[in-house]
Amino acid sequence: AQTVTQSQPEMSVQEAETVTLSCTYDTSESDYYLFWYKQPPSRQMILVIRQEAYKQQNATENRFSVNFQKAAKSFSLKISDSQLGDAAMYFCAYRSEYGNKLVFGAGTILRVKS
Amino acid sequence: EPEVTQTPSHQVTQMGQEVILRCVPISNHLYFYWYRQILGQKVEFLVSFYNNEISEKSEIFDDQFSVERPDGSNFTLKIRSTKLEDSAMYFCASSAARGRVQTQYFGPGTRLTVL
């Protein structure tokens, strides 16, 4: 079974600075998808970014980018120019190529200081 | 922008009572999911649903749980006899397809409190 590990329970960043959230996963599959979801205090799950394992190029969405290292099974999220609205719980998630379910990590609380 | 909606936002019930949580997936989506998140814990998959049948379910999704798509727009999760440990946030999600193009979009969640 696949597992997702987020080793940082909590991170802090100064407004306008850059922060990187770590995620590692364990799988024997070669094709899969990785996601970062944001959960603000409202607790709604919001998709931040996704990465297809077959793509070598790292995904980017505005201030959010990933560093996908397939051999190392690592999938970190970089947030540039951090804003107060970025404060939230961030979940890393894995999905098999043809599977249904998302497997989530335990989450990282990101605090943004003004 | 289309979004997944869920009702109610908060449901309080007595242990042993039946509850139905409702979701309206994004209109052109074909795959539907329920997840739950016990306070302070990770989000866990419960069940996926496609073409009017369950396509995958987790160990959590035992006989006290059921899902239904009663009409063309709603997707429901029923818990027949609630237990204290069912208290959690329940998220509905939907996706347009499976495989390479699938991305699951989540609703705002229903907070279930079992007393």
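Residues numbered from 1 in each chain as written. Chains lettered and ligands numbered in written order. Predicted model: local features only at pLDDT ≥ 70, side-chain atom pairs only at ≥ 80, totals over all residues. Heavy atoms only, no water.

(A) Geometry of the nonpolar core. Judged by nonpolar contacts, the single largest core of 26 residues is most densely connected at A:Tyr25, A:Trp36, A:Phe75, A:Leu77, A:Tyr90 and A:Leu110. For this core, the elements supplying multiple residues, two or more each, are strand 3 (19–21), strand 5 (32–39), strand 6 (46–52), strand 8 (64–69), strand 9 (74–79), strand 10 (88–96) and strand 12 (108–113) of chain A. The leading source of residues in this core is strand 10 of chain A, at 4 residues. Counting residues in each nonpolar core, the second largest holds 21 residues, with B:Phe32, B:Leu46, B:Cys92 and B:Leu112 among its members. (Core = buried A, V, L, I, M, F, W, Y, C linked by side-chain atoms within 4.5 Å. Buried < 20%, exposed > 50% of the residue type's maximum accessible area, 1.4 Å probe, protein only. Helix = DSSP H or I, 4+ residues; strand = E, 2+ residues; numbered from the N terminus.)

(B) How the structure looks around the state of the cysteines. Residues and elements named next belong to chain B. Evaluated as defined, the whole model comprises 2 disulfides over all chains. The disulfide that involves cysteine 23 links it to cysteine 92, with 1.9 Å between the sulfurs. The S-S bond linking cysteine 23 to cysteine 92 shows a torsion near -60°; that makes this disulfide left-handed. Of this pair, cysteine 23 sits in strand 3 (residues 19–24) while cysteine 92 sits in strand 9 (residues 88–95); the two residues are 69 residues apart in sequence, bridging distant segments of the chain. Of the two residues, cysteine 23 and cysteine 92, both sit in the buried class. (Disulfide = S-S within 2.5 Å.)

(C) Representation of the pairing of strand 5 (residues 43–50) of chain B in the model. Residue and element names in this part refer to chain B. Judged by how many residues are buried, strand 5 sits mostly within the fold: 6 of 8 residues are covered. Judged from the 7 bridges that link them, strand 4 (residues 31–37) and strand 5 form a sheet pairing that is antiparallel. In the sheet register, tryptophan 34 faces strand 5, and the bridge partner there is valine 47. In the sheet, strand 5 pairs with strand 6 (residues 53–57) via 4 bridges, with the strands oriented antiparallel. Across the sheet, valine 47 pairs through a bridge with lysine 57, a residue of strand 6. (Pairing = 2+ DSSP bridges.)

(D) Looking closely at the pattern of salt bridges. Applying the stated criterion across every chain yields a total of 6 salt bridges over all chains. When the shortest N-O distance is used, the salt bridge between A:Asp86 and A:Arg63 registers 2.8 Å. Pair noted here: A:Asp86 is in the loop between strand 9 and strand 10 and A:Arg63 is in the loop between strand 7 (60–61) and strand 8, with a separation of 23 residues, a long-range link. Across the pair, A:Arg63 and A:Asp86 agree in class, each one buried. The partner of B:Glu44 in a salt bridge is B:Arg36, with the nearest N and O atoms 3.3 Å apart. For B:Glu44, a relative accessible area of 23% puts it in the partly exposed group. By relative accessible area, which is 10% here, B:Arg36 ends up buried. Each of A:Arg50, A:Glu52 and A:Lys55 takes part in one network of salt bridges that share partners. (Salt bridge = Lys/Arg side-chain N within 4 Å of Asp/Glu carboxyl O.)

That's the geometry; what it means functionally is another story.
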